[in-house]
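Here's the letter readout for the chains.
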Amino acid sequence: MFNSKIIGLGKYLPKKVVTNYDLSEIMDTSDEWIIERTGIETRRHIVKNDDDTTAVMAFKASKIALQRAKIKPNDIDLILFATLSPDYYFPGSGVLLQNFLKIENCPAMDIRNQCSGFIYALSTADQFIKSGKYKNILVVGSENHSGGLDMTTRGRNVSVIFGDGAGAAVLTREIDLKRGIQSFSIYSDGQHALELSLRGPSTNRWVPEILEENNPDDTTYYPNMNGQTVFKNAILRFSEVIQEALDQNKWSVNDLDLLIPHQANLRISQFIQKKFNLNDNQVFNNIMRYGNTTAASIPIALTEAWEEGKVKKDSKIILAAFGSGFTWGGISLIW
Ligand SMILES: CC(C)(COP(=O)(O)OP(=O)(O)OC[C@H]1O[C@@H](n2cnc3c(N)ncnc32)[C@H](O)[C@@H]1OP(=O)(O)O)[C@@H](O)C(=O)NCCC(=O)NCCS
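Parameters at a glance
- Residues numbered from 1 in each chain as written.
- Predicted model: local features only at pLDDT ≥ 70, side-chain atom pairs only at ≥ 80, totals over all residues.
- Helix = DSSP H or I, 4+ residues; strand = E, 2+ residues; numbered from the N terminus.
- Buried ≥ 20, exposed ≤ 12 C-beta atoms within 10 Å, placed from the backbone.
- Domains from an automatic or database assignment.
- Contact = placed C-beta atoms within 7 Å.
- Nonpolar A, V, L, I, M, F, W, Y, C, P; charged D, E, K, R; others polar.
- Axes fitted to C-alpha atoms, helices over the stretch in contact; angles between N-to-C directions.
- Parallel < 35°, antiparallel > 145°, perpendicular 65-115°, else oblique.
- Left-handed = near helix turned anticlockwise from the far one by under 90°.

Things to note about the overall build of the protein chain
Secondary structure summary: the protein chain contains eleven helices and 13 strands in total. A principal-axis box enclosing the C-alpha atoms of the protein chain has dimensions of 60 × 50 × 35 Å. Counting across all 335 residues of the protein chain, residues that qualify as buried make up 46%.

Now the structure itself:
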(Lines give C-alpha, C1' and ligand atoms only; values in the text may rest on other atoms or scores of the structure.)
Protein backbone atom coordinates (compact mmCIF):
# COMPACT_ATOMS: atom_id res chain seq x y z
CA MET A 1 0.00 0.00 0.00
CA PHE A 2 1.33 3.41 -0.98
CA ASN A 3 0.23 7.00 -0.84
CA SER A 4 1.51 9.59 -3.27
CA LYS A 5 3.36 12.62 -1.95
CA ILE A 6 4.65 15.84 -3.49
CA ILE A 7 8.41 16.13 -2.90
CA GLY A 8 9.35 19.05 -5.17
CA LEU A 9 7.63 22.14 -6.53
CA GLY A 10 8.65 24.72 -9.14
CA LYS A 11 7.16 27.64 -11.01
CA TYR A 12 8.01 29.85 -13.96
CA LEU A 13 6.43 33.14 -14.96
CA PRO A 14 7.41 34.98 -18.14
CA LYS A 15 9.12 38.29 -17.45
CA LYS A 16 6.70 40.74 -19.11
CA VAL A 17 4.40 42.30 -16.49
CA VAL A 18 1.18 43.67 -18.02
CA THR A 19 -0.71 46.10 -15.78
CA ASN A 20 -4.36 47.06 -15.96
CA TYR A 21 -3.17 50.48 -17.12
CA ASP A 22 -1.32 48.83 -20.03
CA LEU A 23 -4.57 47.11 -21.03
CA SER A 24 -6.58 50.34 -20.75
CA GLU A 25 -4.35 51.81 -23.45
CA ILE A 26 -5.35 49.17 -26.00
CA MET A 27 -8.99 48.49 -25.06
CA ASP A 28 -11.87 50.22 -23.31
CA THR A 29 -11.27 49.06 -19.74
CA SER A 30 -9.91 50.49 -16.50
CA ASP A 31 -7.86 49.54 -13.45
CA GLU A 32 -10.94 50.18 -11.25
CA TRP A 33 -13.21 47.87 -13.29
CA ILE A 34 -10.71 45.02 -13.40
CA ILE A 35 -9.81 45.23 -9.70
CA GLU A 36 -13.42 45.55 -8.57
CA ARG A 37 -14.65 42.56 -10.63
CA THR A 38 -11.62 40.25 -10.55
CA GLY A 39 -9.01 41.48 -8.04
CA ILE A 40 -6.33 41.29 -10.75
CA GLU A 41 -3.68 44.04 -10.80
CA THR A 42 -1.07 42.54 -13.14
CA ARG A 43 -0.55 39.40 -15.21
CA ARG A 44 2.47 38.01 -17.09
CA HIS A 45 2.63 37.69 -20.87
CA ILE A 46 5.15 35.82 -22.99
CA VAL A 47 7.40 38.26 -24.82
CA LYS A 48 7.30 37.78 -28.60
CA ASN A 49 10.60 36.30 -29.85
CA ASP A 50 11.55 35.04 -26.37
CA ASP A 51 12.00 31.27 -26.31
CA ASP A 52 9.01 30.76 -23.97
CA THR A 53 6.28 28.43 -25.16
CA THR A 54 3.89 26.24 -23.16
CA ALA A 55 6.39 23.34 -23.12
CA VAL A 56 9.43 25.59 -22.54
CA MET A 57 7.80 27.24 -19.52
CA ALA A 58 6.87 23.78 -18.23
CA PHE A 59 10.52 22.74 -18.69
CA LYS A 60 11.75 25.74 -16.67
CA ALA A 61 9.30 25.02 -13.82
CA SER A 62 10.03 21.27 -13.94
CA LYS A 63 13.80 21.74 -13.65
CA ILE A 64 13.27 23.61 -10.35
CA ALA A 65 10.79 21.00 -9.07
CA LEU A 66 13.15 18.14 -9.93
CA GLN A 67 16.10 19.89 -8.29
CA ARG A 68 14.10 20.47 -5.11
CA ALA A 69 12.88 16.85 -5.17
CA LYS A 70 16.49 15.68 -5.67
CA ILE A 71 15.28 13.48 -8.52
CA LYS A 72 17.08 13.11 -11.85
CA PRO A 73 14.93 13.48 -14.97
CA ASN A 74 15.63 9.87 -15.97
CA ASP A 75 14.11 8.66 -12.68
CA ILE A 76 10.72 10.03 -13.76
CA ASP A 77 8.38 7.18 -14.74
CA LEU A 78 5.50 9.26 -16.15
CA ILE A 79 4.84 12.85 -17.25
CA LEU A 80 1.34 14.27 -16.91
CA PHE A 81 0.99 17.62 -18.70
CA ALA A 82 -2.14 19.68 -18.03
CA THR A 83 -2.83 22.49 -20.51
CA LEU A 84 -5.52 24.03 -22.70
CA SER A 85 -2.91 25.85 -24.76
CA PRO A 86 -0.51 23.17 -26.04
CA ASP A 87 2.37 24.18 -28.32
CA TYR A 88 0.79 22.31 -31.23
CA TYR A 89 -2.61 20.93 -32.13
CA PHE A 90 -0.70 17.66 -32.09
CA PRO A 91 1.47 16.15 -30.69
CA GLY A 92 0.80 17.06 -27.08
CA SER A 93 3.19 19.18 -25.02
CA GLY A 94 4.07 16.25 -22.72
CA VAL A 95 6.36 14.68 -25.32
CA LEU A 96 8.04 18.05 -25.96
CA LEU A 97 8.75 18.35 -22.25
CA GLN A 98 10.08 14.78 -22.16
CA ASN A 99 12.48 15.68 -24.98
CA PHE A 100 13.64 18.92 -23.27
CA LEU A 101 14.32 16.94 -20.07
CA LYS A 102 16.20 14.34 -22.14
CA ILE A 103 14.21 11.53 -20.53
CA GLU A 104 14.98 8.54 -22.69
CA ASN A 105 11.84 6.52 -22.28
CA CYS A 106 8.82 7.37 -20.20
CA PRO A 107 5.18 7.79 -21.13
CA ALA A 108 3.97 11.39 -21.47
CA MET A 109 0.28 12.17 -21.34
CA ASP A 110 -1.54 15.46 -21.94
CA ILE A 111 -4.55 16.17 -19.73
CA ARG A 112 -7.18 18.44 -21.30
CA ASN A 113 -9.33 19.65 -18.43
CA GLN A 114 -8.64 23.38 -18.52
CA CYS A 115 -8.75 25.10 -15.11
CA SER A 116 -9.28 21.73 -13.39
CA GLY A 117 -6.42 20.18 -15.36
CA PHE A 118 -3.92 20.12 -12.52
CA ILE A 119 -6.45 18.48 -10.15
CA TYR A 120 -7.25 15.85 -12.78
CA ALA A 121 -3.52 15.30 -13.39
CA LEU A 122 -2.67 14.98 -9.68
CA SER A 123 -5.57 12.55 -9.21
CA THR A 124 -4.28 10.46 -12.12
CA ALA A 125 -0.74 10.51 -10.71
CA ASP A 126 -2.07 9.48 -7.30
CA GLN A 127 -3.79 6.43 -8.79
CA PHE A 128 -0.75 5.33 -10.79
CA ILE A 129 1.40 5.57 -7.66
CA LYS A 130 -1.15 3.87 -5.40
CA SER A 131 -1.51 0.99 -7.87
CA GLY A 132 2.25 0.44 -7.70
CA LYS A 133 2.63 0.93 -11.46
CA TYR A 134 4.89 4.01 -11.25
CA LYS A 135 7.12 5.43 -8.54
CA ASN A 136 8.03 8.99 -9.60
CA ILE A 137 5.65 11.17 -11.59
CA LEU A 138 6.14 14.71 -12.91
CA VAL A 139 2.88 16.68 -13.03
CA VAL A 140 2.85 20.08 -14.74
CA GLY A 141 0.37 22.78 -15.61
CA SER A 142 1.45 25.31 -18.21
CA GLU A 143 -0.42 27.89 -20.26
CA ASN A 144 0.37 30.35 -23.01
CA HIS A 145 -2.83 32.38 -23.21
CA SER A 146 -1.61 35.80 -24.22
CA GLY A 147 -0.96 35.15 -27.90
CA GLY A 148 -4.51 33.87 -28.46
CA LEU A 149 -6.61 36.48 -26.67
CA ASP A 150 -8.76 39.10 -28.39
CA MET A 151 -6.88 42.15 -27.09
CA THR A 152 -9.55 44.61 -28.26
CA THR A 153 -12.62 45.99 -26.48
CA ARG A 154 -14.62 43.14 -28.08
CA GLY A 155 -12.68 40.54 -26.05
CA ARG A 156 -12.17 42.54 -22.85
CA ASN A 157 -14.35 40.38 -20.57
CA VAL A 158 -11.90 37.50 -21.18
CA SER A 159 -8.56 39.07 -22.09
CA VAL A 160 -8.13 41.06 -18.88
CA ILE A 161 -8.44 37.89 -16.79
CA PHE A 162 -5.93 35.44 -18.24
CA GLY A 163 -2.14 35.27 -17.87
CA ASP A 164 0.75 32.98 -18.84
CA GLY A 165 2.91 30.75 -16.64
CA ALA A 166 3.79 27.24 -15.51
CA GLY A 167 3.98 25.20 -12.32
CA ALA A 168 5.32 21.70 -11.68
CA ALA A 169 5.21 19.07 -8.96
CA VAL A 170 7.20 15.85 -8.51
CA LEU A 171 5.30 13.04 -6.78
CA THR A 172 6.67 9.85 -5.32
CA ARG A 173 5.62 6.88 -3.17
CA GLU A 174 4.96 7.42 0.52
CA ILE A 175 4.58 4.45 2.83
CA ASP A 176 3.16 6.49 5.72
CA LEU A 177 -0.50 6.58 4.74
CA LYS A 178 -1.12 9.57 7.02
CA ARG A 179 0.96 11.70 4.62
CA GLY A 180 0.53 12.78 1.03
CA ILE A 181 -2.69 12.81 -0.97
CA GLN A 182 -5.56 11.69 1.26
CA SER A 183 -8.50 12.01 -1.11
CA PHE A 184 -9.57 13.40 -4.46
CA SER A 185 -12.81 14.03 -6.28
CA ILE A 186 -13.21 14.99 -9.94
CA TYR A 187 -16.37 15.91 -11.83
CA SER A 188 -17.62 17.12 -15.21
CA ASP A 189 -20.87 18.39 -16.65
CA GLY A 190 -20.71 18.66 -20.43
CA GLN A 191 -24.06 20.38 -20.82
CA HIS A 192 -22.17 23.65 -20.18
CA ALA A 193 -19.33 22.85 -22.60
CA LEU A 194 -19.68 26.01 -24.69
CA GLU A 195 -20.12 28.49 -21.82
CA LEU A 196 -16.33 28.82 -21.61
CA SER A 197 -14.78 27.61 -24.83
CA LEU A 198 -12.61 28.19 -27.86
CA ARG A 199 -14.35 26.45 -30.76
CA GLY A 200 -12.24 27.10 -33.80
CA PRO A 201 -9.92 26.15 -35.32
CA SER A 202 -11.00 22.61 -34.49
CA THR A 203 -12.56 19.64 -36.18
CA ASN A 204 -15.85 21.50 -35.84
CA ARG A 205 -14.43 24.52 -37.62
CA TRP A 206 -11.36 23.54 -39.60
CA VAL A 207 -9.00 26.30 -40.74
CA PRO A 208 -10.06 26.16 -44.44
CA GLU A 209 -13.65 26.83 -43.39
CA ILE A 210 -12.64 29.83 -41.26
CA LEU A 211 -10.44 31.21 -44.06
CA GLU A 212 -13.16 30.69 -46.66
CA GLU A 213 -15.73 32.59 -44.58
CA ASN A 214 -13.20 35.37 -43.95
CA ASN A 215 -15.63 36.91 -41.47
CA PRO A 216 -14.08 39.74 -39.40
CA ASP A 217 -16.86 39.32 -36.81
CA ASP A 218 -16.06 35.65 -36.23
CA THR A 219 -14.92 35.32 -32.63
CA THR A 220 -14.98 31.50 -32.42
CA TYR A 221 -11.20 31.30 -32.59
CA TYR A 222 -10.91 33.43 -29.45
CA PRO A 223 -11.90 32.15 -26.01
CA ASN A 224 -15.54 32.95 -25.27
CA MET A 225 -16.99 33.08 -21.78
CA ASN A 226 -20.44 33.56 -20.32
CA GLY A 227 -19.00 35.23 -17.20
CA GLN A 228 -22.09 35.19 -15.01
CA THR A 229 -22.93 31.52 -15.65
CA VAL A 230 -19.31 30.61 -14.97
CA PHE A 231 -19.31 32.64 -11.75
CA LYS A 232 -22.54 31.07 -10.41
CA ASN A 233 -21.44 27.51 -11.17
CA ALA A 234 -17.92 28.13 -9.85
CA ILE A 235 -19.03 29.16 -6.36
CA LEU A 236 -21.42 26.19 -6.17
CA ARG A 237 -18.89 23.59 -7.33
CA PHE A 238 -15.94 25.02 -5.35
CA SER A 239 -18.10 24.81 -2.21
CA GLU A 240 -19.15 21.21 -2.93
CA VAL A 241 -15.64 19.83 -3.47
CA ILE A 242 -14.17 21.68 -0.48
CA GLN A 243 -16.95 20.33 1.77
CA GLU A 244 -16.41 16.86 0.29
CA ALA A 245 -12.67 17.00 1.03
CA LEU A 246 -13.35 18.09 4.62
CA ASP A 247 -15.92 15.30 5.07
CA GLN A 248 -13.70 12.60 3.53
CA ASN A 249 -11.04 13.39 6.14
CA LYS A 250 -13.39 14.21 9.01
CA TRP A 251 -11.66 17.60 9.20
CA SER A 252 -13.41 20.62 10.62
CA VAL A 253 -12.83 24.02 9.02
CA ASN A 254 -10.46 24.81 11.90
CA ASP A 255 -8.32 21.76 11.09
CA LEU A 256 -7.55 23.14 7.63
CA ASP A 257 -4.16 24.88 7.40
CA LEU A 258 -4.38 26.01 3.78
CA LEU A 259 -6.95 26.17 1.01
CA ILE A 260 -5.46 26.80 -2.41
CA PRO A 261 -8.30 27.55 -4.78
CA HIS A 262 -7.69 27.69 -8.52
CA GLN A 263 -7.03 31.38 -9.13
CA ALA A 264 -10.11 32.09 -11.26
CA ASN A 265 -11.19 35.35 -9.76
CA LEU A 266 -10.43 36.94 -6.37
CA ARG A 267 -14.17 37.50 -5.85
CA ILE A 268 -14.78 33.75 -6.10
CA SER A 269 -12.00 33.00 -3.55
CA GLN A 270 -13.37 35.66 -1.20
CA PHE A 271 -16.89 34.27 -1.49
CA ILE A 272 -15.61 30.78 -0.60
CA GLN A 273 -13.49 32.11 2.28
CA LYS A 274 -16.53 33.83 3.76
CA LYS A 275 -18.83 30.87 3.19
CA PHE A 276 -16.50 28.49 5.07
CA ASN A 277 -15.58 31.12 7.64
CA LEU A 278 -11.85 30.76 6.91
CA ASN A 279 -9.34 33.35 8.08
CA ASP A 280 -6.88 35.12 5.77
CA ASN A 281 -4.02 32.77 6.72
CA GLN A 282 -6.05 29.74 5.64
CA VAL A 283 -6.58 30.84 2.02
CA PHE A 284 -3.78 31.48 -0.48
CA ASN A 285 -4.34 33.90 -3.36
CA ASN A 286 -1.91 35.30 -5.92
CA ILE A 287 -4.30 36.11 -8.78
CA MET A 288 -3.60 39.80 -8.06
CA ARG A 289 -0.12 39.35 -9.56
CA TYR A 290 -0.58 36.65 -12.21
CA GLY A 291 -4.22 36.68 -13.33
CA ASN A 292 -5.89 33.37 -14.11
CA THR A 293 -3.28 30.94 -15.46
CA THR A 294 -5.76 28.06 -15.89
CA ALA A 295 -4.03 24.65 -15.38
CA ALA A 296 -0.90 26.41 -14.09
CA SER A 297 -2.65 28.40 -11.35
CA ILE A 298 -2.72 25.76 -8.58
CA PRO A 299 0.89 24.56 -9.02
CA ILE A 300 2.14 28.17 -9.21
CA ALA A 301 0.17 29.07 -6.05
CA LEU A 302 1.24 25.90 -4.21
CA THR A 303 4.88 26.58 -5.10
CA GLU A 304 4.64 30.18 -3.96
CA ALA A 305 2.90 29.19 -0.71
CA TRP A 306 5.67 26.62 -0.07
CA GLU A 307 8.39 29.19 -0.89
CA GLU A 308 6.78 31.59 1.61
CA GLY A 309 6.86 28.91 4.35
CA LYS A 310 3.06 28.52 4.41
CA VAL A 311 3.26 24.80 3.55
CA LYS A 312 4.94 22.95 6.40
CA LYS A 313 5.31 19.38 7.64
CA ASP A 314 1.88 18.11 8.77
CA SER A 315 0.01 20.99 7.05
CA LYS A 316 -3.50 19.92 6.08
CA ILE A 317 -4.17 21.32 2.62
CA ILE A 318 -7.10 21.35 0.19
CA LEU A 319 -6.70 22.20 -3.49
CA ALA A 320 -9.89 23.01 -5.41
CA ALA A 321 -10.63 23.95 -8.99
CA PHE A 322 -13.45 24.73 -11.39
CA GLY A 323 -13.37 25.58 -15.06
CA SER A 324 -14.33 25.03 -18.66
CA GLY A 325 -16.22 21.85 -19.44
CA PHE A 326 -17.58 22.46 -16.86
CA THR A 327 -15.06 20.41 -14.90
CA TRP A 328 -14.22 20.68 -11.21
CA GLY A 329 -12.47 18.80 -8.46
CA GLY A 330 -10.74 18.83 -5.11
CA ILE A 331 -7.74 17.18 -3.47
CA SER A 332 -6.84 16.89 0.19
CA LEU A 333 -3.31 16.24 1.33
CA ILE A 334 -1.15 16.22 4.42
CA TRP A 335 2.36 17.59 3.84
C1 LIG B 1 -16.06 38.18 -16.22
C2 LIG B 1 -16.67 38.94 -15.05
C3 LIG B 1 -15.56 39.61 -14.26
C4 LIG B 1 -17.58 40.01 -15.63
O5 LIG B 1 -18.21 40.69 -14.57
P6 LIG B 1 -19.79 40.91 -14.61
O7 LIG B 1 -20.15 41.68 -13.42
O8 LIG B 1 -20.43 39.57 -14.80
O9 LIG B 1 -19.91 41.81 -15.86
P10 LIG B 1 -20.84 41.65 -17.15
O11 LIG B 1 -20.32 40.56 -18.03
O12 LIG B 1 -22.28 41.56 -16.72
O13 LIG B 1 -20.58 43.01 -17.83
C14 LIG B 1 -20.93 44.24 -17.20
C15 LIG B 1 -20.48 45.36 -18.09
O16 LIG B 1 -19.06 45.46 -18.04
C17 LIG B 1 -18.54 45.46 -19.36
N18 LIG B 1 -17.21 44.84 -19.35
C19 LIG B 1 -16.87 43.55 -19.56
N20 LIG B 1 -15.54 43.41 -19.46
C21 LIG B 1 -15.04 44.63 -19.17
C22 LIG B 1 -13.74 45.12 -18.96
N23 LIG B 1 -12.66 44.33 -19.00
N24 LIG B 1 -13.59 46.44 -18.69
C25 LIG B 1 -14.63 47.25 -18.62
N26 LIG B 1 -15.91 46.85 -18.83
C27 LIG B 1 -16.10 45.55 -19.10
C28 LIG B 1 -19.54 44.66 -20.17
O29 LIG B 1 -19.42 44.97 -21.54
C30 LIG B 1 -20.82 45.13 -19.57
O31 LIG B 1 -21.16 46.40 -20.12
P32 LIG B 1 -22.69 46.79 -20.42
O33 LIG B 1 -23.35 46.78 -19.06
O34 LIG B 1 -22.57 48.15 -21.01
O35 LIG B 1 -23.23 45.73 -21.32
C36 LIG B 1 -17.50 38.01 -14.12
O37 LIG B 1 -18.64 37.55 -14.79
C38 LIG B 1 -16.72 36.85 -13.63
O39 LIG B 1 -15.82 37.00 -12.83
N40 LIG B 1 -17.05 35.62 -14.08
C41 LIG B 1 -16.29 34.44 -13.73
C42 LIG B 1 -15.05 34.45 -14.56
C43 LIG B 1 -14.10 33.37 -14.20
O44 LIG B 1 -13.86 33.10 -13.05
N45 LIG B 1 -13.55 32.74 -15.23
C46 LIG B 1 -12.59 31.74 -15.07
C47 LIG B 1 -13.24 30.46 -14.75
S48 LIG B 1 -12.05 29.25 -14.57
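More follows now that the structure is in view.
Notes on the domain arrangement of the protein chain
One frequent convention defines the size of an interface as the accessible area lost when the parts assemble. If you check the domain split of the protein chain, you get domain 1 (3-174) and domain 2 (180-334). Inter-centroid distance (C-alpha atoms) of domain 1 to domain 2 is 14 Å. The interface is formed by 48 residues belonging to domain 1 together with 42 residues belonging to domain 2. For the side of domain 1 that touches domain 2, the elements supplying multiple residues, two or more each, are strand E1 (3-12), helix H2 (31-38), strand E3 (42-45), helix H5 (117-130), strand E6 (137-143), helix H6 (156-159) and strand E7 (165-174). The leading source of residues in the side of domain 1 that touches domain 2 is H5, at seven residues. The residue makeup of the side of domain 1 that touches domain 2, split by class, is 17 nonpolar, 19 polar and twelve charged.

What about the environment of Val-230?
The residue Val-230 is located in helix H8 (residues 227-249) in this model. Spatially, the C-alpha atom of Val-230 lies 9.1 Å from that of His-192, the residues being 38 residues apart in sequence. Val-230 has contacts with Glu-195, Leu-196 and Met-225, leaving out every residue within four places of it along the chain.

A closer look at the packing of helix H3 (residues 54-69) against helix H4 (residues 93-100)
The geometry of H3 relative to H4 is characterised by a closest axis approach of 9 Å and an angle of 50° between their N-to-C directions. Of the possible angle classes, the one that applies to H3 and H4 is oblique. For the pair H3 and H4, the sense of crossing is right-handed. Across the interface between the two elements, Thr-54, Ala-55, Ala-58, Phe-59 and Ser-62 from H3 touch Ser-93, Leu-96, Leu-97 and Phe-100 from H4. Taken together, the residues of the contact of H3 with H4 break down into six nonpolar, three polar and no charged.

Observations regarding the packing of H8 against helix H9 (residues 266-275)
One way to put it is that H8 packs onto H9 with a least axis distance of 10 Å and a crossing angle of 40°. In terms of orientation, H8 and H9 fall into the oblique class. Taken as a pair, H8 and H9 cross one another with a handedness that is right-handed. Only Ile-268, Phe-271, Ile-272 and Lys-275 of H9 make contact with H8, whose side of the interface consists of Phe-231, Ala-234, Ile-235, Phe-238, Ser-239 and Ile-242. Taken together, the residues that form the contact of H8 with H9 break down as eight nonpolar, one polar and one charged.

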